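Reading the structure
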Amino acid sequence: MIVTLAGACNEDSARRSALAHLAEDVIVPAQDQLRADADTLVTDLQAYCASGPNTSQAAWRAVRADWSLTAAFVIGPVIEQMQVDPLDFWPVRTTTIEDKIAAAPPTIDLAYLDTLGTGAKGIPALEYLLFPAPPTPNTPRCAYALALAQDIARRTGQIADAWHGDYAEALATAGHGSAVYTSEQAGLDAIVNATIENLYRVVKEKLDRPLGNITGSAPDPARVESFHSGGALLDIARNLDGFAAIYLGADLESAGEPGLGELVAARNPGLDERIIAQ
């Protein structure tokens, strides 16, 4: 009985450590990086659209990489605020974007963007305007690109703010006073389900669908993620980086900081070894 209780207490402690680490040392820093890079993208586009240097493509790639990493933990604020589609609607609808630019008022800003649907905004929409070459400065097209960047920065800032508010604590204290998760298992389930969904989307939406494997049709390059910038493989790599951070912890070491892998290894060492080997 004493051994059983000790084992249960150790497992409870391990779960609490993993949840706290993932909330505070993996998810929050990733959201902060996304916000910081989105702010940089706005600054770079403001300069470029006023005939400054073109650093906007590199800034967009940084935001795309950050967002792809955070896809491994699409839980909490990003869902509650309904930010996924406005930030990452794809395949991009180029005709919709061109129509909205053509119909835009003299001042293209966030107020105008707020009147538009998700198909006319987001990271993929901005990619379309920036690649292979950015729009000409001091044009409606450049102003629209800047408004898209400002919307991305606003939304990623809202997500980061929510994690810094009560949400990181809610996940870290799951089952121990959390206002969101009534048990440790509920917190872990949210993270595990998000990572599984991310991996499923990588296979089905980012590989099988463009290859025609789902419908039996011919491959369609236009359905590849980040088609215009040629960044599809980097997107997938960052998706997997996000999974690795959740499973291994922030230090990406199997015996280091407490990610989900520590919990799996305690229950099933063989499964943990197979996951790491893959």
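Coordinates for the structure precede this section.
Because the structure is predicted, anything quoted here is derived from the model rather than measured.

1. Topic: the overall build of the protein
Along its length, the protein carries 12 helices and zero strands. If you list the helices and strands of the protein from N to C, you get α-α-α-α-α-α-α-α-α-α-α-α. Scaling as 2.2 N^0.38, a compact globule of 278 residues should have a C-alpha radius of gyration of about 19 Å, and the protein matches this with 21 Å. Projected onto the principal axes, the alpha-carbon positions of the protein cover approximately 75 × 45 × 30 Å. Taking all 278 residues of the protein together, the buried fraction comes to 45%.

2. So, empty space enclosed by the protein
Taken as a whole, this structure holds two cavities of 30 Å³ or more when the rule is applied. Taken as a whole, the largest cavity spans an internal volume of roughly 50 Å³. If you list the elements that add at least two residues to the lining of the largest cavity, you get α1 (2-49) and α2 (56-70). The residue inventory of the lining of the largest cavity, partitioned by class, reads seven nonpolar, two polar and no charged. What the second largest cavity holds in volume is close to 40 Å³. Taken together, Trp60, Arg61, Arg64, Ala65, Ser226, Ser229, Gly231, Leu234 and Asp235 make up the full set of residues lining the second largest cavity. For the lining of the second largest cavity, the elements supplying multiple residues, two or more each, are α2 and α10 (232-248). Examining the composition of the lining of the second largest cavity, we find that four residues originate from one element, α2, more than from any other.

3. Quick look at the layout of surface pockets
In this structure, the largest pocket occupies an estimated 450 Å³ of space. If you trace the largest pocket, you find 21 residues lining it, with Val192, Tyr247, Leu260, Leu263 and Val264 closest to the centre. Put simply, the parts of the chain that give the lining of the largest pocket at least two residues each are α1, α9 (184-211), α10, α11 (260-267) and α12 (269-277). Tallying contributions element by element places α9 first for the lining of the largest pocket, with eight residues.

4. Considerations on the state of the cysteines
As used in these notes, a disulfide is a covalent bond between sulfur atoms, one from each of two cysteines. Taken as a whole and assessed by the stated rule, the structure comprises one disulfide. Put simply, Cys49 and Cys142 are joined by a disulfide, and their sulfur atoms are 2.1 Å apart. Across the S-S bond linking Cys49 and Cys142, the dihedral sits near -90°, which makes this disulfide left-handed. Of this pair, Cys49 sits in helix α1 while Cys142 sits in helix α8 (residues 140-172); the two residues are 93 residues apart in sequence, bridging distant segments of the chain. A relative accessible area of 11% places Cys49 in the buried class.

5. Overview of the nonpolar core
Core analysis: the largest hydrophobic core is formed by 69 residues, its most contacted members being Leu45, Leu126, Tyr144, Trp163 and Leu171. Once residues lying within four places of it in the same chain are set aside, the contact partners of Leu171 are Leu19, Ala23, Ile27, Ile75, Trp163, Tyr181, Gly187 and Ile191.

6. Considerations on a negative patch on the surface
The grouping of Glu24, Asp25, Asp166, Glu169 and Glu257 at the surface amounts to a negative patch. Broken down by secondary-structure element, the contributors of at least two residues to the negative patch are α1 and α8. With respect to the helices and strands, the residue Glu169 is situated in helix α8.

7. A closer look at the side chain of Ser68
You can see Ser68 is positioned in helix α2. On the basis of relative accessibility, which here comes to 1%, the residue Ser68 falls in the buried class. For Ser68, the side chain forms a polar contact with the main-chain oxygen of Arg64, separated by 2.9 Å. Not counting residues up to four positions away in its chain, the partners in contact with Ser68 are Asp235, Arg238 and Asn239.

Basis of the calculations
- Numbers given to residues run from 1 along each chain, matching the order in which its sequence is written.
- Since the coordinates come from a predicted model, pLDDT governs what is reported: local features require at least 70, and pairs of side-chain atoms require 80 or more to be given and counted, while whole-chain, interface and lining totals use all residues.
- In computing side-chain values, all of the structure's heavy atoms are included and hydrogens and water are not.
- Only DSSP runs of H or I covering at least 4 residues are called helices, and only runs of E covering at least 2 are called strands; the numbering of each starts at the N terminus.
- The size measure is the radius of gyration over C-alpha atoms, and the globule rule it meets is 2.2 Å times the number of residues to the 0.38 power.
- Per-residue accessibility, obtained with a 1.4 Å probe over protein chains only, is compared with the maximum for each type, and a residue is labelled buried under 20%, exposed over 50%, and partly exposed between these values.
- Using protein atoms alone on a 1 Å grid, points that fit a 1.4 Å probe yet trap it form a cavity, whereas open point sets bounded by protein on both sides within 12 Å along at least five of seven lines form a pocket; residues with an atom within 4 Å of a point count as lining.
- Grid points are joined across faces, edges and corners, and a volume is the space filled by probe spheres set on the points.
- Residues are sorted three ways: Asp, Glu, Lys and Arg are charged, Ala, Val, Leu, Ile, Met, Phe, Trp, Tyr, Cys and Pro are nonpolar, and all the rest, Gly among them, are polar.
- Sulfur atoms of two cysteines make up a disulfide when they are within 2.5 Å.
- To form a nonpolar core, buried Ala, Val, Leu, Ile, Met, Phe, Trp, Tyr and Cys residues must be joined to one another through side-chain atoms within 4.5 Å.
- In this analysis, two residues are considered to be in contact whenever any of their non-hydrogen atoms come within 4.5 Å of each other.
- For patch building, the residue pool is restricted to those with more than 30% relative accessible area and no salt bridge; the joining distance is 9 Å between like charges and 5 Å between nonpolar side chains (Val, Leu, Ile, Met, Phe, Trp, Tyr).
- For every accessible area listed, the method is Shrake-Rupley and the probe measures 1.4 Å; residues are considered covered only by the protein chains on display.
- Between Lys or Arg on one side and Asp or Glu on the other, a salt bridge is scored when a side-chain nitrogen of the former is within 4 Å of a carboxyl oxygen of the latter.
- When charges are counted, Lys and Arg are positive and Asp and Glu negative, with His and the chain ends excluded.
- The atom standing in for a charge is NZ when the residue is Lys, CZ when it is Arg, CG when it is Asp and CD when it is Glu.
- Pairs of N or O atoms are called polar contacts if they sit within 3.5 Å, as long as, within protein, a hydrogen donor faces a hydrogen acceptor (for residues adjacent in sequence, only side-chain-to-side-chain pairs).

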